[in-house]
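# A look at the structure
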Amino acid sequence: MPEKKKEKKVRTEGGEKKRRASGSSRVKRKEQTPKKVASPKKKTEKPTETRKAEPKKEPKKTFVPVPKMSLAELEQKEYTQEEYQQLLQMYEKTMPKMKEGELVKGKVMGITKEDVVIDVGFKSEGIIPIYQFPEPLNIKVGDEIDVYLEAIEDQNGQLVLSKQKADFMMVWDKIKDAYGKEALVEGLLEKRIKGGMVVNLMGVDAFLPGSQIALRQVPDFNALVGKKMMLKIIKLNKPRRNIVVSRRVVLEEEREAQRAKLLTEIKPGQVKEGIVKNITDFGVFIDLGGVDGLLHITDMSWGRISHPSEMVALGDEIKVKILDFDKNVGRVSLGLKQLTPYPWENVELRYPIGKKVRGKVVSITDYGAFVELEKGIEGLIHISEMSWTKHIRHPSKVVAIGDMVDAVVLSVDKQNEKISLGLKQIEPDPWENIEKKYPLGSKIIGKVRNITAFGVFVELEEGIDGLIHISDLSWTKRIQHPAEVVRRGDKIEAAVLNIDKENRRISLGHKQVKSDPWPYYSKKYAESREVTGQITKLSDRGVVVKLEDDLEGFVLTNQLGKEDITKPIEAFSEGDVLPMRVIDFDRIGKRIVLSVTEYYKGREKAELEAFLAKHPTRTLKVEEVVEEVPKIDFEKKEKETQPETKPEKEEKTKPPTAEGKKPEAKPPEEPDKKAE
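Remember, it's a predicted structure, so these values are computed and weren't measured experimentally.

Moving on to the overall build of the chain. In terms of helices and strands, the chain carries 17 helices and 30 strands. Classification of the 676 residues of the chain by burial places 36% in the buried group. Here the chain has roughly 42700 Å² of accessible surface; of this, 50% comes from carbon and sulfur atoms.

On to the environment of Glu 253, then. Its place among the elements puts Glu 253 in helix H7 (residues 248-265). Under the relative-accessibility criterion, Glu 253 is labelled partly exposed at 40%. With 37 residues separating them in the primary sequence, Glu 253 and Gly 290 have C-alpha atoms 9.6 Å apart. Side-chain polar atoms of Glu 253 contact the side chain of Lys 232, separated by 2.7 Å.

Taken as a whole, this structure holds 20 salt bridges when the rule is applied. Asp 292 is the salt-bridge partner of Lys 277, the closest N and O atoms lying 2.6 Å from each other. Of this pair, Lys 277 sits in strand E11 (residues 271-279) while Asp 292 sits in strand E13 (residues 292-296); the two residues are 15 residues apart in sequence, bridging distant segments of the chain. We classify Lys 277 as partly exposed; its relative accessible area is 26%. Given a relative accessible area of 27%, Asp 292 falls into the partly exposed group. Lys 511 is the partner of Asp 472 in a salt bridge, and the nearest nitrogen-oxygen pair spans 4.0 Å.

The five strands are arranged E26-E27-E28-E30-E29 in a closed barrel whose pairing can be described as mixed. When the angles between neighbouring strand axes are averaged without regard to direction, this sheet yields 50°.

What links the strands of a sheet is backbone hydrogen bonding, and the strands pair in either a parallel or an antiparallel sense. Taken together, five strands build an open sheet; the order of strands is E3-E2-E1-E4-E5 and the sheet is antiparallel. If you trace the sheet from one side to the other, it starts and ends with strand E3 (126-129) and strand E5 (160-162), each paired once. The sheet shows a mean angle of 55° between the axes of neighbouring strands, taken without regard to direction. In this sheet, E3 lies alongside strand E2 (residues 115-119) in antiparallel orientation, the contact comprising four bridges. Residue pairing for E3: Ile 118 is matched across the bridge by Gly 126. The strands touched by helix H6 (residues 163-181) within the sheet are strand E1 (103-111), E3, strand E4 (144-151) and E5, with E4 carrying the most contacts at an inclination of about 105°.

It is worth spelling out the side chain of Lys 511 at this point. Tracing the chain through its elements places Lys 511 in the loop between strand E25 (505-509) and helix H10 (518-524). For Lys 511, a relative accessible area of 12% corresponds to the buried category. At 2.9 Å, the side chain of Lys 511 forms a polar contact with the backbone oxygen of Ser 471. Setting aside residues up to four positions removed in sequence, Lys 511 forms contacts with Ser 471, Asp 472, Leu 473, Ser 474 and Trp 475.

So, about a nonpolar patch on the surface. Taken together, Leu 103, Met 169 and Met 170 make up a surface patch of nonpolar side chains, about 230 Å² in accessible area. Summarising the element assignment, Met 170 is placed in helix H6.

So, how was this worked out
Residues numbered from 1 in each chain as written. Predicted model: local features only at pLDDT ≥ 70, side-chain atom pairs only at ≥ 80, totals over all residues. Heavy atoms only, no water. Helix = DSSP H or I, 4+ residues; strand = E, 2+ residues; numbered from the N terminus. Buried < 20%, exposed > 50% of the residue type's maximum accessible area, 1.4 Å probe, protein only. Areas by Shrake-Rupley, 256 points an atom, 1.4 Å probe, with all protein chains shown as cover. Polar contact = N/O pair within 3.5 Å; in protein donor to acceptor, adjacent residues only side chain to side chain. Salt bridge = Lys/Arg side-chain N within 4 Å of Asp/Glu carboxyl O. Pairing = 2+ DSSP bridges. Axes fitted to C-alpha atoms, helices over the stretch in contact; angles between N-to-C directions. Contact = heavy atoms within 4.5 Å. Patch = residues over 30% accessible without salt bridge, like charges linked within 9 Å, V, L, I, M, F, W, Y side chains within 5 Å.

So, in C-alpha cells, the structure goes:
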C-alpha cells in the first residue's frame, strides 16, 4: 500500500509540473517559496530540476478562491486521481474560452527590440515578432490590439499569436469585395523579391509579378520601391493568404480607352508625341498612346543612317508627323524628317556646276564613293572621276569612310536627288596638252608595265601608258607572243604613232625606231634570187628557214626537192641548211616564199643526187609521229565539238584529222604515188 501512495504522489507532482509548464500563476507562487518538503529519494527527480530552470515571474492572474491551506500542507498533501481531475477542471474554468484560428483582443504588456508581449487573458502571454507590426514606433505598452490565435500551445507550451494574420483577416472582406467588383486598389511597393515585388495592400502583403508591373519590361525594379500605384487584384487564395495584383491590367485598360479615343481623332499631317517602343533594322515602333505607329528608317532623316539606333533609344519621347493612317487595320505611318525643311529645295543655287565643295565620305561602293555635303545632301564621286591617269580598281584604294575630301560639282539632278562630283577635277588634266608633250613621230624610252597577248603597255609617265602592238615590235621577225622580245620592267625605245585624246590612248611602235628595211630586201631577195637558209621550224605544210638579217622564209613541202615525202620530218630536221631560190616576194605582207626544187632545176644531176643522199627518206617511228601531231589542233577541235551535240557518225568520219593528217595534204599525195 505505501508503494501505491507514492505512485499517486508522483502523479500529482507530474500534474504540478504540467501546470508550471503551462504558465499557471498559482503554481509559480508555490515555486517562489524556499521550502522544499520531500523525501530524500526524490531530490534527484526531474520535477526538482524543472523547478530550478523556471523562467522569470509572469504578471499575476485572477483565479477562483479555494480553501486556505498552508504551504507545508500543500506540499504534503497527496491527491487521488479523482481529486486531481477535479482541481484541473476548476482551473480550466478560470481560463477564457478561446478557439484556434480566431481573432482575439490582446493587450501590449511589454516591448523589446525584437518582440512584443501580448496578454489575451490566457494562462500565459503570447510573443509576436516586432517586424509583423507595420509601424513599430507607434506601439505602446497598454495598447489594445487584435491578434490572430494560431495555436493555444506550441511544443514549448507557449501561446502562438500573429499580427500579420490578424491584419489579413480584418482586410480580407475588403480585398475580396474589390476582387469581385474588379475595382482598383492602391498599393505601396515595399521591396523587390525574386520574380517581382512585395506590395503593401491595405496593410497586408501582396505579390506583384515582374511581368505585371508595366506594359514593357522594366529595366530596374529597385527604382520602383516606395512608389504608390493603382492596382487590380487578379488572384486570391485565403488559406494560403496569397494575393496577386497587377499594374499591367490597369495600364492596358487605360491604353485601350486612349486607343479608341485616338482612332477617332488621328489624321494625316498631325504632329503627335510618342514613346519609342521597339527598334528594328528597318525602323522604329512608336507608342502614340494606345496606338503603335511605324517610323521607317527612310523617314527618320534626310541624311544617311545605317541603323535607327543612331538617332533614338528605347523609351525616348519624340515628336513625329502622321504620314498615313489606315482605319481598317489601324496602321499608322510616321515621319521624323518631315518636321524639318526639305534640304533639296534650291539645291542648284547652293551647289552650281563647277563649284568646289568639301564633304565627308559616308559610303563606298564598287562604282564610287558617296560624300555628304550637308545633312540630307550627298554627292557621288564615280570611280571614273577619281583620277586622270591611274587605273583604279576600287574606290577604297583612293578614299576611306570618314575622310574629308575636296571635289568639284559636275551635275545636279534635283528631281532624283542626285549630285555628281569629281575628284580628279581638282587637279589639271594631264591629257589636255598631251599632243604637245608627245608629238607624232617623236621617240621615247619607257618602262614595260604590262605584257598581253596582243601587245606591250609602256609607261611614259605616272598614269600615262602607251601600247606597242605585237605587229609593231619587229620589221622582220614573226613574233607569236610579245614575251619573246621583252619582259616586264625592261626599258624599251618606241616612237609615237597615234594619240586618241578622247579615248585617252597612245599608240607606240618599237620597230618604227628604225627605218623600214623591206624596200632594201625587195631588191636583195627579188624573185629567182638564189639564197641559203637554216631550217628553224618544221610543219606539215613545210619548213621555216632563217635568212640573213633575221629574215624568215617559207618552203612548202612539195618544194623541198623530194617527191617521196608527205611530211618534212621524214627527210629534214631543224638546223639543216638548204639551198633555195626565191619564187615569191610579198612586200606588203612581208613574206618570202622559197623553193629547193626550183634551185636544182637546170643544175647537174649529180648535185641533186648529192642533196637527196644527204637527206634520205626514212620511216617515222610512232613516237615521232605523236610528237609531230599539232596539239593546238586537238584543243581547237575539242572546243568546237563541246558546245555542239553532233552525232557519233560525224565524229567517226574524222580519223585523218585525229592522226594529225590534214585533209589539205591528201590531194598532192595521190598523184605522186600514181606517178611512182
